[in-house]
Protein chains: 2
Amino acid sequence: MKRIYVVGIGPGDRKYLTGAAARVLEECQVIVGYTAYVDLLKADYPEKIFLTTPMKQETERCRMAFEEAAKGMETAMVCSGDSGIYGMAGLMYQIGQEYPEVDLIIVPGITAASAGAAVLGAPLMHDFAVISLSDLLTPWEKIEKRLIAAAMADFVICLYNPSSRKRADYLERACDLILQYKSSDTVCGLVRNIGRMGETYEILPLGEMRNKKVDMFTTVYIGNRETREIGGKMITPRGYRNV
Amino acid sequence: MKRIYVVGIGPGDRKYLTGAAARVLEECQVIVGYTAYVDLLKADYPEKIFLTTPMKQETERCRMAFEEAAKGMETAMVCSGDSGIYGMAGLMYQIGQEYPEVDLIIVPGITAASAGAAVLGAPLMHDFAVISLSDLLTPWEKIEKRLIAAAMADFVICLYNPSSRKRADYLERACDLILQYKSSDTVCGLVRNIGRMGETYEILPLGEMRNKKVDMFTTVYIGNRETREIGGKMITPRGYRNV
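Residues numbered from 1 in each chain as written. Chains lettered and ligands numbered in written order. Predicted model: local features only at pLDDT ≥ 70, side-chain atom pairs only at ≥ 80, totals over all residues. Heavy atoms only, no water.

S.K.: Give me the lowdown on the relation of the copies chain A and chain B, citing residues and values where you can.
M.R.: For these two chains of identical sequence, chain A goes onto chain B by a turn of 180° and a shift of 0.0 Å along the axis, with RMSD 0.0 Å. The transformation just described matches what one would write down for a two-fold rotation axis. Mapped onto chain B, 98% of the interface residues of chain A again fall at the interface, so both copies present the same surface. (Least-squares fit on C-alpha atoms with pLDDT ≥ 70 in both. Contact = heavy atoms within 4.5 Å.)

S.K.: Help me get a handle on the packing of aromatic side chains, residues and values and all.
M.R.: Taken as a whole and judged by the stated rule, the model has eight aromatic pairs over all chains. Ring plane angle 75° and centroid distance 5.1 Å describe the contact between Tyr-34 of chain A and Tyr-37 of chain A, whose orientation is recorded as edge-to-face. When its relative accessible area of 22% is taken as the criterion, Tyr-37 of chain A is described as partly exposed. Between Trp-140 of chain B and Tyr-170 of chain B the ring centres are 4.7 Å apart and the planes differ by 50°, which places this aromatic pair in the tilted class. Within this pair, whereas Trp-140 of chain B is found in helix α6 (residues 140-152), its partner Tyr-170 of chain B is found in helix α7 (residues 170-178), the two being separated by 30 residues in sequence. Across the pair, Tyr-170 of chain B and Trp-140 of chain B agree in class, each one buried. (Phe/Tyr/Trp six-rings, centres within 6.5 Å; stacked < 30°, edge-to-face > 60°. Buried < 20%, exposed > 50% of the residue type's maximum accessible area, 1.4 Å probe, protein only. Helix = DSSP H or I, 4+ residues; strand = E, 2+ residues; numbered from the N terminus.)

S.K.: Before we move on, could you go through helix α1 (residues 19-27) of chain A and cite the residues and values that matter?
M.R.: Every buried residue belonging to α1 of chain A is among Ala-20, Ala-21, Ala-22, Val-24 and Leu-25 of chain A, and all of these are buried. Looking at the buried positions of α1 of chain A, the neighbouring elements they touch are β1 (2-8), β2 (30-34), α2 (35-42), β4 (75-79) and β5 (102-107) of chain A.

S.K.: Explain the interface of chain A and chain B to me, using residue names and the numbers behind them.
M.R.: With 65 residues of chain A in contact, the opposing surface of chain B contributes 64 residues. For the pair chain A and chain B, the two sides together bury roughly 6,000 Å², of which 60% comes from carbon and sulfur. Across the pair Lys-142 of chain A and Glu-226 of chain B runs a salt bridge, and its minimum N-O distance is 3.2 Å. For the pair chain A and chain B, the number of links is 28 residue pairs in polar contact (both at pLDDT 80 or more). If one sorts the elements of the side of chain A that touches chain B by residue count, helix α6 (residues 140-152) of chain A sits on top with six residues. Classifying every residue of the side of chain A that touches chain B gives 32 nonpolar, 19 polar and 14 charged. (Buried area = accessible area lost by both parts, 1.4 Å probe. Salt bridge = Lys/Arg side-chain N within 4 Å of Asp/Glu carboxyl O. Polar contact = N/O pair within 3.5 Å; in protein donor to acceptor, adjacent residues only side chain to side chain. Nonpolar A, V, L, I, M, F, W, Y, C, P; charged D, E, K, R; others polar.)

S.K.: Let's hear about the pattern of salt bridges: which residues, and what values?
M.R.: Counted according to the given criterion, the structure contains 30 salt bridges over all chains. Ionic pairing is found between Glu-47 of chain A and Lys-48 of chain A, a salt bridge with its closest N-O pair at 3.8 Å. On the basis of relative accessible area, Lys-48 of chain A is assigned to the buried category, the value being 10%. Put simply, Asp-154 of chain B and Lys-182 of chain B hold a salt bridge, and the shortest N to O gap is 3.5 Å. Pair noted here: Asp-154 of chain B is in the loop between α6 and β8 (156-160) and Lys-182 of chain B is in the loop between α7 and β9 (187-192), with a separation of 28 residues, a long-range link. Pair check on accessibility: Asp-154 of chain B and Lys-182 of chain B agree, each one buried. Ionic contacts of the salt-bridge type, sharing partners, join the residues Asp-154, Lys-182 and Arg-225 of chain A into one network.

S.K.: Requested: an account of the side chain of Thr-59 of chain B, with residues and values cited.
M.R.: On the secondary structure map, Thr-59 of chain B appears in helix α3 (residues 58-70). Among the polar contacts listed, one links the side chain of Thr-59 of chain B to the side chain of Glu-60 of chain B, at a separation of 3.1 Å.

S.K.: Give a detailed account of the state of the cysteines, specifying residues and quantitative values.
M.R.: As used in these notes, a disulfide is a covalent bond between sulfur atoms, one from each of two cysteines. Counted under the stated rule, the structure contains zero disulfides over all chains. Cysteine Cys-158 of chain A shares no disulfide, and the gap to the nearest cysteine sulfur, in Cys-188 of chain A, comes to 11 Å. Of the residues examined, Cys-158 of chain A reaches a relative accessible area of 0% and is grouped as buried. Cysteine Cys-79 of chain B is unpaired, with the sulfur of Cys-62 of chain B as its nearest cysteine sulfur at 8.4 Å. Judged by relative accessible area, which is 5%, Cys-79 of chain B ranks as buried. (Disulfide = S-S within 2.5 Å.)

S.K.: Please give an account of the environment of Lys-166 of chain A that cites residues and values.
M.R.: Residue and element names in this part refer to chain A. Inspection of the secondary structure puts Lys-166 in the loop between β8 (156-160) and α7 (170-178). A relative accessible area of 76% places Lys-166 in the exposed class. Through-space distance from the C-alpha of Lys-166 to that of Ser-132 is 15 Å; in sequence the pair is 34 residues apart.

S.K.: An account of the packing of helix α3 (residues 58-70) of chain A against helix α4 (residues 89-96) of chain A is requested, with residue identities and associated values reported.
M.R.: When two helices pack together, you describe them by how their axes are tilted relative to each other and by the distance separating the axes. Residue and element names in this part refer to chain A. Look at α3 against α4: their axes get within 10 Å of each other, and the N-to-C directions meet at 60°. When you trace α3 past α4, the crossing you get is right-handed. For the pair α3 and α4, contact is made by Glu-58, Thr-59, Cys-62, Arg-63, Ala-65 and Phe-66 and by Leu-91, Met-92, Ile-95 and Gly-96, respectively. Here the residues of the contact of α3 with α4 sort into six nonpolar, two polar and two charged. (Axes fitted to C-alpha atoms, helices over the stretch in contact; angles between N-to-C directions. Left-handed = near helix turned anticlockwise from the far one by under 90°.)

As structure tokens, this is what we get:
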């Protein structure tokens, strides 16, 4: 059987690679991915064939992987974070309909929400919503609706892609919507360059988060009503007694 | 410096252990955790000291870990899935206020949402909400409010702890709330025993999910308006063109 592994390599550093993902990378012949992520792997696997496409050429990247697998090559499509959370797994299944002879195996990875939470402390101890602020593939109105619903129901909110050059004010717009339902002193956090050189974090109230300049390598966390700062960390308690 | 590592070991099988988590388990002297999870590790690390408490004795479990670390033992508190998602990280920070000389280091793991999604296909390609149906530590009214908000805003919804002996009808109640806003043919999925022996999955419409008998080892996924079944898998498309 011909197959492609769609592998989440975690954010940044290889320390977050799972055993299952490491084994796939060792055993496959061809590694396909976004240029920047694949470059991180080249030094570790010098004997592999690497194929890349830049951003916004995701469908081409998927076809490239299927063409390799169709030739009989053991192929891995790599994604940063989890291949199954805003990753390539979905598009691979869609394009895979053109290649019925190729099986897909999804190998999960540590997503930014998990890795960033570990840096901040414990913000995701309770129900949470993950929302991408990128309107490249989603109408902004839909994103607004989700921000409002998540804020109304007091979810902890984790924002992916909070900003980019073309969307410099999106985090501010998102915070303003959330501020209609959450107090301006809601404990928030942000993590830059998760698992990479230059990893930093900051804990700050929602009223200040709206004025933060962030980039696309930042993940943003907005607490729920119970979230608080303990010893410089962002903690969402879960309601245990005797604490 | 005295320290405790709070380590997510992923769901089930050790294949989901990250390199960072494996290293902590190898290097620590004492492993503390919930009886059932620690039992999975005993065979792999026969030379360690294992300390456990049963369910509902989480605060005692945390204090046990801090006492070991305070004695100078290299200590790991292990959690199934991600230590930072409904895990022990939060409670450890809370109890840690009593042990200011002990540092906490959170090591993330693959959470059930990620691992289960990989089994089902690609349900989490778009904004999603994670909600636990356990009302042990959360009032049911709050859970209801979150279910409704997530359904209204067309999030993909991932349900943790969908049922237990005492809460046999909770999934039905949750589905009925969601059915007020999502169509009964919304594509849903469930995964049992993720990463363990006996792992199974099923894809079914929301109208049928409400009648499913599930147990506490099941994770439930409710799609958004675009989620569909492709080749027996649950896929949420992300809006790429030319597909």
